[in-house]
Each structure stands twice: as structure tokens, then as C-alpha cells.
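# Tertiary structure, described
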Amino acid sequence: MATPGVRTIEDLTKFLSVPASKTVKTLVYEGHDGLVALLVRGDHQLNEVKASKLPQVKTPLRQASAEQVRAAFGAGFGSLGPKLNGASASPGAPTVTFIADHAAAAASDFAIGANEDDHHFTGVNWGRDVPEPAVVADIRNVVEGDPSPSGKGTLKIVRGIEVGHIFQLGQLYSTALEATVLDESGQSVVPYMGCYGIGVTRIVAAAIEQNHDERGIIWPEPIAPFHVVLVPVNAQKSYRVREVADKLYAELTAAGVEVLYDDRDARPGVKFADSELLGIPHRVVVGERGIDAGKLEYRGRRDTESQEFPLDNALGFIRSRLQR
């Protein structure tokens, strides 16, 4: 049927009022022997890494030119399909190998380009209307809902963070070190090397990306630079505040608790804002009013409200929070 102005799958689905899953798109690349047409369902995306590993395709993956496509298919991009017309038989026309993704090969009653500009076929079925693809392979990106490779359930797409490094070193260092091993036939060969490990800075970035709010970082306790931030209020003006804070700092440090002692001559609001920005998991505030009541103030980095606890059991209380 005539499909004037239709160039993309989106254009085609709107023109025919069909879902993209009922269309098959034809993507043409240079091959070792002519051209390679990769057939993918309209609602799927080609995975170029998978495609580049096909033995029929040249690497690096390189899309065919408009001239090559027209010589082979008799039409331009946007009207291509797996049923070649007489153009492919003309002298000098490139040969075309068709490779279909599994989902495209399983499609039925689908729409494809007719290899005639501004024309498409509808209701197409493999074997009846177009030849079966020469090769069927996994060449698309997975989508949510695809069957799991394990056969148990379906796939769910979630964001991942890369924290590991893998390096394929080849024979560079083994050759330089004159390292050899005996193969299965007893011959001396230079081994291939590789290495892997966890990136420390990547772990830090991943932790912050997953643990933060509008006020700053929220460190997970196992990797926090400090367990507790100790904030004395107006210690420069109050000997009692300084004395209690110094004593508590010494007790916590002796107990193996890592403490950031914020003894700067700064307003309490500045200290609180900085502690939240830094993301220290636990904050303890020492103030004159609290000392008078025999209390200190505690707030976890994820907490929305502060709470008071007994001054005479400060070490036990803080330990209990560190163990949660």
C-alpha cells in the first residue's frame, strides 16, 4: 500500500493505526560479503554490541550508505523490507544477507517496507509473503517483561552502578616479564593476563548517589568518615559545655567510636547545616540548657526530629544507636 511521507516506525504506526510490535524494521550494515540487513521488531532497539559480534557483519559496525541501500533494495531508508525486488538482481547490485532477531522471526501479520519508496506491505507472514530469514539471532536490547535467561520469571529493568574494574591485559606484561607456561601439549606459551577489582572511588560515588537528600550526603555507617559528629554549642563562652564535650569526646574515642569534634567558633545553625551536608550518621549536641537538665541532644542523619537522652548514660545511648 502507498504510505506517502512515512519514514520511521512512529510514522508507520500512526499511518496504519497499529502498534509498533506489529511492525518489523530493516537496518542495513556493511558485511564481509555484500550487505547485512538486521530485522528487529518495531518496538525493539538493535543492540549494536550483539550485532557487531555477528560473523557476517564487518567490525566496527558501519551502516550502509544510501547509495548501497538503493542499489540493493531499489528503495531508500524508511521503505526497506526483507522481500527484495528486481533491483537486487541488477548487475553489480550488492548481495544482502537477512538476519532476524528472535522476536522479529516470531512475528506474524506484521507491516514492513515494500522496497519501493513510500510503500509498505501489511499483514505479512514469514514463508508465505517473505522468505524466512537466513539467520535468526539475539540482536536486540532486552526490555522489561522479557523472559528471564534462567527461565524463572521475567526481567525487570533497574538502574545499576558500576563499581568494579576489569582489564584485559593480553600478553603485554607477560611478554615483558618473559613469563611462560606449558600448554596441554607441553609447549611453552606466553599466557594472557587480566585483572579485576573494586574501585574505591566508585564505591564512594555509588554510596552518595543512593544515600542523600536535599541537605547533603547520608553516609551508610560502615563507610562513613566518622560515626558521630559532636557539636558543643557556645563552648567558647561556657566552660561547662567545653568540659562535658571534651569528656564525651574522650570516652567515645576510647570506646572505638570515630568522632568529628566540631569545636569551631561558629553559630549552631552553621554547624548543624555542615554536619548534614557532610552526612555524618549520628549527631550529638552539648548545650548549657541540656546540661542543666542532665540531658544531651541526639539526631540521626535520617531522622526528622531530635531527641534528648540522659547525660549520665551518654556512651551507652550512643552505642545503642551505632548498633541499630
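Computed from a predicted structure; not experimentally measured. (Residues numbered from 1 in each chain as written. Predicted model: local features only at pLDDT ≥ 70, side-chain atom pairs only at ≥ 80, totals over all residues. Heavy atoms only, no water.)

A separate point is the overall build of the chain. Per the secondary structure count, the chain includes 10 helices and 17 strands. By principal-axis analysis of the C-alpha atoms, the chain measures approximately 100 × 65 × 40 Å. Expressed as a percentage of its 324 residues, the buried residues of the chain come to 36%. Positive and negative charge centroids in the chain, built from 34 and 41 side chains respectively, lie 4 Å apart. (Helix = DSSP H or I, 4+ residues; strand = E, 2+ residues; numbered from the N terminus. Buried < 20%, exposed > 50% of the residue type's maximum accessible area, 1.4 Å probe, protein only. Lys, Arg positive; Asp, Glu negative; His and termini not counted. Charge placed at Lys NZ, Arg CZ, Asp CG, Glu CD.)

Here we come to helix α1 (residues 9–16). Within the span of α1, buried status applies to Ile9, Leu12, Thr13 and Leu16. Considered in projection along α1, the buried side chains sweep an arc of 95 degrees and stay on one side of the axis. Exposed and facing more than 90 degrees away from the buried side of α1 are Glu10 and Lys14. Contacts made by the buried residues of α1 are with β1 (24–30), β4 (110–113) and β5 (120–124). Downstream of α1 by a residue or two, Ser17 has a phi angle that is positive, lying close to 55 degrees. (Arc of directions from axis to C-beta. Contact = heavy atoms within 4.5 Å.)

Of all the six residues making up strand β10 (residues 193–198), zero are buried; the element is thus mostly uncovered. Note: strand β7 (residues 164–170) against β10, six bridges, orientation antiparallel. Within β10, the position partnered with Gln168 by the bridge is Gly194. (Pairing = 2+ DSSP bridges.)

Turning to the packing of helix α7 (residues 239–254) against helix α10 (residues 314–322), a few remarks are in order. Direction vectors running N to C along α7 and α10 enclose 50 degrees, while the axes themselves pass 10 Å from each other. Put simply, α7 runs oblique to α10. Note on packing geometry: the crossing formed by α7 with α10 is right-handed. When α7 is examined against α10, the residues Leu248, Glu251 and Leu252 are found in contact with a partner set consisting of Ala314, Leu315 and Ile318. The class makeup of the residues in the contact of α7 with α10 is five nonpolar, no polar and one charged. (Axes fitted to C-alpha atoms, helices over the stretch in contact; angles between N-to-C directions. Parallel < 35°, antiparallel > 145°, perpendicular 65-115°, else oblique. Left-handed = near helix turned anticlockwise from the far one by under 90°. Nonpolar A, V, L, I, M, F, W, Y, C, P; charged D, E, K, R; others polar.)

A few words on the pattern of salt bridges. Using the criterion set out here, one finds 20 salt bridges in the structure. For Glu30, the salt bridge identified is with Arg62, shortest N-O distance 2.9 Å. In this pair, Glu30 sits in strand β1 while Arg62 sits in the loop between α2 (48–52) and α3 (66–73), placing the two residues 32 residues apart along the sequence. Under the relative-accessibility criterion, Arg62 is labelled partly exposed at 38%. Residues Arg128 and Asp129 are paired through a salt bridge, measuring 2.8 Å at the closest nitrogen-oxygen approach. Overall, the relative accessible area of 57% leaves Arg128 in the exposed class. With relative accessibility at 27%, the residue Asp129 sits in the partly exposed group. One network of salt bridges, with partners in common, ties together Asp213, Glu214, Arg215, Glu276 and Arg301. (Salt bridge = Lys/Arg side-chain N within 4 Å of Asp/Glu carboxyl O.)

Pairs of aromatic rings are described using the distance from one ring centre to the other and the angle between the two planes. Within the structure shown, the criterion is met by five aromatic pairs. Ring geometry for Phe73 against Phe98: centres 6.2 Å apart, planes inclined by 90 degrees, an arrangement best described as edge-to-face. On the criterion of sequence distance, the pair formed by Phe73 in helix α3 and Phe98 in strand β3 (residues 96–101) is long-range, its members being 25 residues apart. Residue Phe73 shares its accessibility class with Phe98, and that shared class is buried. Counting every residue linked through ring pairs, the aromatic cluster contains Tyr298, Phe309 and Phe317. Lying across the ring of Tyr298, Arg321 places its NZ or CZ 5.7 Å from the centre. (Phe/Tyr/Trp six-rings, centres within 6.5 Å; stacked < 30°, edge-to-face > 60°. Lys NZ or Arg CZ within 6 Å of the ring centre and 35° of its normal.)

Take the sheet that holds β1 next. The four strands are arranged β1-β2-β3-β6 in an open sheet whose pairing can be described as mixed. Because the sheet does not close on itself, it has two edges, and the strands there are β1 and β6 (135–137). Sheet twist, expressed as the average angle between the axes of neighbouring strands with direction ignored, equals 30 degrees. The sheet contact formed by β3 and β6 spans three bridges and is parallel. Paired with Asp101 across the two strands is Ala137, which belongs to β6.

The values are spatial; any link to function lies outside them.
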